Amino acid sequence: MNIQTLLTPSWSKELTAEFEKPYFQALDAFFDEELKTQMIYPPKSLIFNAFDKCTDVKVVIIGQDPYHGDGQANGLCFSVNDDVKIPPSLKNIFKEIQSDLGKDMPTSGNLERWAEQGVLLLNAILTVRASKAASHRQKGWEQFTDAVIRLISEKKDNVVFLLWGKYAQQKGEIVDEDKHLILKSAHPSPLSAKHFFGNRHFSQTNQYLQQCSKEPIDW
């Protein structure tokens, strides 16, 4: 079905070389077959929502896999649609923002407002079967999102990469630390949140952006 046609033109132009590679053509064929027989999240129109909403990248947050429950995933890592209960990891992210910046807890877990300010909320894997976590693992998405991270690292300056948990930290190893700010901590999952709380990543991000003459993020 040529999944790349769903990607916004500005990003598509930068990633053209990836679309010609065998892994991406295999991914495209796999995805086409999945659509015929499976319920896939997020909806097809939102697979590249993280890219569509973020036109000038200032911050990158790396997640792993979309939510696989009905109506949850909206194409941005950690984010859910407005009418969906806020998941535990996102609730812990909001708690850290409250502690770090003194902001009130949001009533919605929709993070599109972050994306529109320049936060790329990038899942390593962009699609999933309903009710089957990591079901689209090792199908090519990881290679594609590595290419996205590499592109940002090479073409941009002074981007903040927030790497929460071992998976995101391994994924971020390709980032040029001389050009960008890399902040690492435990994952905000309830299993590891006690080591996530207190990381002050949100105030540190804004301080760095302002030092680089960029607008801070209204978290």
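Everything discussed here concerns the structure shown above.
Let us look at the structure shown here. (Residues numbered from 1 in each chain as written. Predicted model: local features only at pLDDT ≥ 70, side-chain atom pairs only at ≥ 80, totals over all residues. Heavy atoms only, no water.)

1. Some words on the packing of aromatic side chains
Going through the model one piece at a time under the given rule, you end up with 18 aromatic pairs. Centre to centre, the rings of Phe202 and Trp219 are 4.9 Å apart; their planes meet at 75 degrees, and the pair counts as edge-to-face. Taken as a pair, Phe202 in helix H9 (residues 201–211) and Trp219 in the segment after H9 lie far apart in primary sequence, 17 residues in all. An aromatic cluster is built from Trp11, Phe19, Tyr23, Phe24, Phe48, Phe51, Trp141 and Phe144, whose rings are joined through pairwise contacts. (Phe/Tyr/Trp six-rings, centres within 6.5 Å; stacked < 30°, edge-to-face > 60°. Helix = DSSP H or I, 4+ residues; strand = E, 2+ residues; numbered from the N terminus.)

2. Observations concerning the nonpolar core
Nonpolar side chains tend to gather and get buried jointly when the protein is soluble and globular. Trp11, Phe51, Ile61, Trp114, Leu120, Phe144 and Trp219 are the most contacted members of the largest nonpolar core, which has 66 residues in total. It is helix H7 (residues 141–155) that provides the largest number of residues to this core, a total of 6 residues. When residues no more than four places from it in sequence are discounted, the contact partners of Ile61 are Cys77, Phe78, Trp114, Val119, Leu120, Leu121, Leu122, Leu162, Trp164 and Trp219. (Core = buried A, V, L, I, M, F, W, Y, C linked by side-chain atoms within 4.5 Å. Buried < 20%, exposed > 50% of the residue type's maximum accessible area, 1.4 Å probe, protein only. Contact = heavy atoms within 4.5 Å.)

3. Description of the environment of Ile40
With respect to the secondary-structure elements, Ile40 resides in strand S1 (residues 40–41). When the C-alpha positions of Ile40 and Val128 are compared, they lie 5.7 Å apart, and in sequence the two are 88 residues distant. Excluding its chain neighbours within four sequence positions, the residues that come into contact with Ile40 are Phe31, Glu34, Leu35, Thr127, Val128, Arg129 and His136.

4. Quick word on H9
Among all positions of H9, only His201, Phe202, Ser203, Thr205, Asn206, Tyr208 and Leu209 are buried. Where the residues of H9 are buried, they touch strand S2 (59–63), helix H5 (88–101), helix H6 (112–115), strand S5 (160–164) and strand S6 (181–185). Positive phi appears at Ser213, one or two residues downstream of H9, with a value of about 60 degrees.

5. A look at the pairing of S5
Where burial is concerned, most of S5 is hidden: 5 out of the 5 residues are buried. Burial along S5 is two-sided: the residues Val160, Leu162 and Trp164 and Phe161 and Leu163 are all buried. Both S5 and S6 contribute to a ladder of 5 bridges, which runs parallel. Looking at the pairing, Val160 lines up with Leu181 of S6. (Pairing = 2+ DSSP bridges.)

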